[in-house]
Amino acid sequence: MSWKSAASAIATGGETSAVQVATAFTLSVAGSPVATGGPVILTIQAVDSGGQTVTSYAGSVDVALTGSATGAGTVTLASGIGTAPIGDAVAEAITVSLLYSGTESIDDSATLVITFLSPAVITISGGAPFNFGTVPISSSAPNSFTLSNTGAAEAVLSGYTGLDSRFAFTGGSAPGTAGDCGASLAGGATCVIDLSYLPDAAVLQSVTLSVDYHSGVAPTSTTRVLQGTGIAPAYLTISDGAT
């Protein structure tokens with residue numbers, strides 16, 4: 001028989017011929033993206049030759065990790081399944097391997113490669129604060145801002161807060177008329193949001209835009225102060241000439 005390492009899109013495993021045994025272990029991970037500082041959950045599963053969970057199996061297996069990864073140790077399986085958190089403070093690829101010391105005939109040759117990435121970090125283009133300048137009341141001034149993910153892990157965008165009727169998405173909703181940001185931003189990628197300033201008074205006005213996202217480790221945000229100054233619109237009057 002053979003075993004197969006089942007993994008998500010963020011981790012890969014191999015496939016190797018094994019001796020003919022009654023039970024084998026498979027490895028898989030849950031958690032996306034795999035970012036440094038944040039654990040992923042390793043699942044160890046006892047399976048039969050048909051790939052089905054051996055629910056009658058209860059035992060333990062030792063987990064070994066390469067590199068700087070943490071979480072190695074003994075994992076107990078109940079009803080054929082055991083889980084353990086694995087983390088790494090270093091951006092690197094690590095290998096998970098097993099060692100079974102029991103007396104049963106079990107194939108413990110499964111290995112799994114997990115690549116840990118630096119967490120997502122989003123930056124916003126433009127000055128700090130960004131000034132839309134002087135804009136007549138009842139008029140609007142648009143500006144496009146570039147969001148850059150300077151990390152390697154994917155950023156999952158959860159929303160934009162802090163805006164109001166004066167500083168808003170052009171067109172009324174995110175990402176704005178000229179924007180293209182979606183629900184996520186890959187590591188090293190950029191996208192655009194389109195905002196407009198619509199003053200309602202002849203004063204300096206400001207808000208703090210917050211771009212909220214999950215870095216692969218935890219929910220976080222990046223902010224930018226937006227400001228602009230409203231002025232009374234110009235009016236042209238015509239009067240009779242001197243008589």
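1. Some details on the pattern of salt bridges
Applying the stated rule across the entire model yields one salt bridge. Ionic pairing is found between R166 and D164, a salt bridge with its closest N-O pair at 2.6 Å.

2. Quick look at the state of the cysteines
Here the structure, examined in full by the defined rule, presents one disulfide. Disulfide pairing places C181 opposite C191 at an S-S distance of 1.9 Å. Across the S-S bond linking C181 and C191, the dihedral sits near 90°, which makes this disulfide right-handed. Highlighted residues: C181 in the loop between β16 (167-169) and β17 (184-185) and C191 in strand β18 (residues 190-197), separated in sequence by 10 residues. Accessibility assignment for this pair places C181 and C191 in one class, buried.

3. What to know about the sheet that holds strand β15 (residues 155-161)
Spatially, five strands are ordered β13-β20-β19-β15-β17 in an open sheet, and the strand pairing comes out mixed. Pairing within the sheet leaves two strands with one partner each, and these edge strands are β13 (130-136) and β17. Examined bridge by bridge, β15 and β17 share two bridges and lie antiparallel to one another. Residue V156 lies in a different strand from β17, and its bridge partner there is S184.

4. Digging into the sheet that holds strand β4 (residues 23-30)
Spatial strand order, β8-β5-β4-β10: four strands in an open sheet with mixed pairing. At either margin of the open sheet sits one strand with a lone partner, and together these are β8 (81-86) and β10 (106-107). Relative to β8, strand β5 (residues 40-47) runs antiparallel, the two sharing six bridges. Bridge pairing in β8 places I44 opposite G82.

5. Some remarks on the confidence of the model for the protein chain
On average, residues of the protein chain score 88 in pLDDT, and 88% of them are at 70 or above. Scored below 50 in pLDDT, residues 1-20 shows 47 contacts in the model against residues more than four places distant or in partner chains.

6. Digging into the packing of aromatic side chains
Scanning the entire structure with this criterion turns up nine aromatic pairs. Relative to Y197, the ring of F132 lies with its centre 6.0 Å away and its plane at 40°, an arrangement referred to as tilted. Here the residue F132 occupies a position in strand β13, and Y197 occupies one in strand β18, the gap between them amounting to 65 residues. We classify F132 as buried; its relative accessible area is 12%. A relative accessible area of 0% means that Y197 is categorised as buried. Measuring from ring centre to ring centre gives 4.6 Å for F167 and Y197, while their planes differ by 20°; the resulting arrangement is stacked. One end of the pair, F167, is in strand β16; the other, Y197, is in strand β18, with 30 residues separating them in the sequence. Each of the two residues, F167 as well as Y197, counts as buried. The rings of F130, F132, F145, F167 and Y197 are connected pair by pair, giving a single aromatic cluster.

7. Quick word on the environment of D194
Along the chain, D194 turns up in strand β18. Overall, D194 belongs to the buried group, its relative accessible area being 5%. In this structure, D194 is in contact with P142, N143, S144, A168, F169, T170, P175, G176, T177, A178 and G179, ignoring residues within four places of it in sequence.

Procedures and definitions
- Each chain carries its own residue numbering, running from 1 in the written order of its sequence.
- The predicted origin of the model limits local features to residues at a pLDDT of at least 70 and limits the giving and counting of side-chain atom pairs to 80 or more, whereas totals for whole chains, interfaces and linings rest on all residues.
- By convention in this description, side-chain values take in all heavy atoms of the structure and omit both hydrogens and water.
- Each reported salt bridge corresponds to a side-chain nitrogen of Lys or Arg within 4 Å of a carboxyl oxygen of Asp or Glu.
- Two cysteine sulfurs form a disulfide in these notes if their separation is within 2.5 Å.
- Helix and strand assignments follow DSSP, with helices taken as H or I runs no shorter than four residues and strands as E runs no shorter than two, numbered in order from the N terminus.
- Here's how the labels work: a residue is buried when its accessible area is under 20% of the maximum for its type, exposed when over 50%, partly exposed in between, all with a 1.4 Å probe on protein chains only.
- For two strands to pair, DSSP has to find at least two bridges joining them.
- Across the chain, each position has a pLDDT score giving the predictor's confidence in that residue, from 0 to 100.
- Note on definitions: a residue-residue contact is assigned when non-hydrogen atoms from the two residues lie within 4.5 Å.
- In this analysis, rings of Phe, Tyr and Trp, with Trp reduced to its six-membered ring, are considered paired at centre separations within 6.5 Å, and the interplanar angle assigns stacked below 30 degrees, edge-to-face beyond 60, and tilted for intermediate values.

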